[in-house]
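# Summary of structural features
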Amino acid sequence: MLVVMRQDATPEQVGRVVSAIEEMGYQALPLPGRQRTTVGLVGNDGRVDGTRFEGMEGVQEVLHVSRPYKQVSREWKPEPTVIRLPGGVSVGAGEVVVMAGPCSVESEAQILAAARAVRDAGATVLRAGAYKARTSPYAFQGLGKPGLELLARARQETGLLIVTEAMDAEGLTAVAAVADIVQIGARNMQNYPLLRLAGRCGKPVLLKRGISATIQELLLSAEYILAEGNPDVMLCERGIRGFDTATRNVFDLSAIPVIRELSHLPIIADPSHGTGRRDMVTPMARAAVAAGADGLLVEVHPNPEAARSDGAQSLHPPQFERLMVEARAIAEVIGRRIAEPAGVK
Ligand code: PEP
Ligand code: MN
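Residues numbered from 1 in each chain as written. Chains lettered and ligands numbered in written order. Predicted model: local features only at pLDDT ≥ 70, side-chain atom pairs only at ≥ 80, totals over all residues. Heavy atoms only, no water.

## Topic: helix α8 (residues 255-262)
- Among the residues of α8, Ala-255, Ile-256, Ile-259 and Leu-262 are the ones counted as buried. In a view along the axis of α8, the buried residues occupy a sector of 140°, so they form one face of it.
- Each element contacted by the buried residues of α8 is listed here: α7 (215-227), β12 (233-237), β13 (267-269) and α10 (278-291). (Buried < 20%, exposed > 50% of the residue type's maximum accessible area, 1.4 Å probe, protein only. Helix = DSSP H or I, 4+ residues; strand = E, 2+ residues; numbered from the N terminus. Arc of directions from axis to C-beta. Contact = heavy atoms within 4.5 Å.)

What follows is the structure in structure tokens.
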């Protein structure tokens, strides 16, 4: 439930609404907006009588949020969530943030070459996994902690921010100590204990859609993170499982406008896992920018043929350079721009 205050409501009147909610045994979440403050009631089990608030001074109206997810919904917060990253880059503020790099951190030489290549092409965030969730237990599982140290070195050398995946509680502590954005992978989208921990990790979270997850399930998973007090969540469409094997996954482009309508959280598109094929990554990246994505997550490898994971969908650096040129052009058409690397503005 949402208690919408009048534009001229005083802080005392807001305070009385907060106290009334707390007296009823629920959590009150004041949400100051540009025009007015709204107070959210968290923990509503369906038995709250809103009429009690309607008569209070300073209250304009009481809205019942009908969707199963609350804090991630547009009803709850009409303004887009803007996630401020170190160095002045913001996600969700209108600029398209490009995160690029190899699937996995493999060696110092590999990650530094990848970082330099994506920075030179204009990316602002370096992506690479130190902990990898692989379908086969015999496939490369990532370098673990040493991989995180290499990512920190790449950031120091290039100024790029870092997004990297955490797969379990122990890894989350290590990842959150290094990363600027913590990635929760598709396979862990419904790992609820991990989502709760991500809600307390102190870093923005990039939550990838599970391969068979509905958009409602994705939003409910994000709700776990917000419910623990972390408002900085970006959602990621990375393809879902379909019946056609022509592509690795079915890249659900329509998820971008659907999510923008249902939620205030930024939405990032991953055309690499979305298609699984290098030749299709750039067309789908262009489409995602045109569809209104707040960012792109793209796999780029200095030598994809030698990649230890996802080589077939990793772009060669010159292909990524071209993608950036085209993404800039598309962004301009819809009145947006690609975020510049920190300090380049
Ligand atoms: C990745 O980003 O490399 C990855 C493993 O993604 P997903 O969780 O979407 O499969
Ligand atoms: Mn990958």
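Structure's up, so let's keep going.
## Some words on the packing of helix α3 (residues 108-121) against helix α4 (residues 145-158)
- Contact geometry for α3 and α4: axes closest at 10 Å, N-to-C directions at 40°. Two packed elements cross with a definite hand, and for α3 against α4 that hand is right-handed. Two secondary-structure elements touch here, α3 through Glu-108, Ile-111, Leu-112, Ala-115, Arg-116 and Arg-119 and α4 through Leu-150, Leu-151, Arg-153, Ala-154, Glu-157 and Thr-158.
- Residues that form the contact of α3 with α4 fall into these classes: six nonpolar, one polar and five charged. (Axes fitted to C-alpha atoms, helices over the stretch in contact; angles between N-to-C directions. Left-handed = near helix turned anticlockwise from the far one by under 90°. Nonpolar A, V, L, I, M, F, W, Y, C, P; charged D, E, K, R; others polar.)

## Considering the nonpolar core
- Within the largest apolar cluster, 70 residues are counted, with the highest numbers of intra-cluster contacts made by Leu-126, Leu-207, Leu-235, Leu-296, Val-298, Phe-320 and Leu-323.
- A total of six residues in this core trace back to one element, the largest contributor, which is α7.
- Not counting chain neighbours up to four residues away, the residues in contact with Leu-296 comprise Val-97, Val-98, Met-99, Ile-268, Ala-269, Ala-285, Ala-288, Val-289 and Leu-323.
- Formed by 17 residues, the second largest nonpolar core is a distinct cluster that contains Ala-9, Val-14, Val-39 and Val-62. (Core = buried A, V, L, I, M, F, W, Y, C linked by side-chain atoms within 4.5 Å.)

## Quick notes on the site of ligand 1
- Within the structure, ligand 1 sits among Cys-103, Arg-127, Lys-132, Glu-165, Gln-183, Gly-185, Ala-186, Arg-187, Lys-208, Arg-238, His-273 and Glu-299.
- Between ligand 1 and the protein, one listed contact pairs an oxygen atom with a side-chain N or O atom of Glu-299 at 3.3 Å.
- If ligand 1 stood free it would expose 300 Å²; the protein chains cover 97% of that surface.
- When atoms are counted within 2 Å of each cavity's grid points, the one that captures over half of ligand 1 is the second largest pocket.
- In terms of residue class, the shell around ligand 1 is made up of two nonpolar, three polar and seven charged. (Near = heavy atom within 4 Å. Polar contact = N/O pair within 3.5 Å; in protein donor to acceptor, adjacent residues only side chain to side chain. Areas by Shrake-Rupley, 256 points an atom, 1.4 Å probe, with all protein chains shown as cover. 1 Å grid on protein atoms, 1.4 Å probe; cavity = no way out; pocket = protein on both sides within 12 Å on 5 of 7 lines; lining within 4 Å. Sits in = over half its atoms within 2 Å of the grid points.)

## With respect to the coordination of the manganese ion (ligand 2)
- Taken together, the protein ligands of the manganese ion (ligand 2) are Cys-103 (SG), His-273 (NE2), Glu-299 (OE) and Asp-310 (OD), with distances of 2.1 to 2.4 Å.
- Along the chain, the residues donating to the manganese ion (ligand 2) are arranged with the sequence spacing C-x169-H-x25-E-x10-D. Of this pair, Cys-103 sits in the loop between β7 (97-101) and α3 while Glu-299 sits in strand β14 (residues 295-299), placing them 196 residues apart in sequence. For the pair formed by Cys-103 and Glu-299, the shared burial category is buried. (Donors = N, O, S within 2.8 Å, 3.2 Å for Na, K, Ca; no water.)

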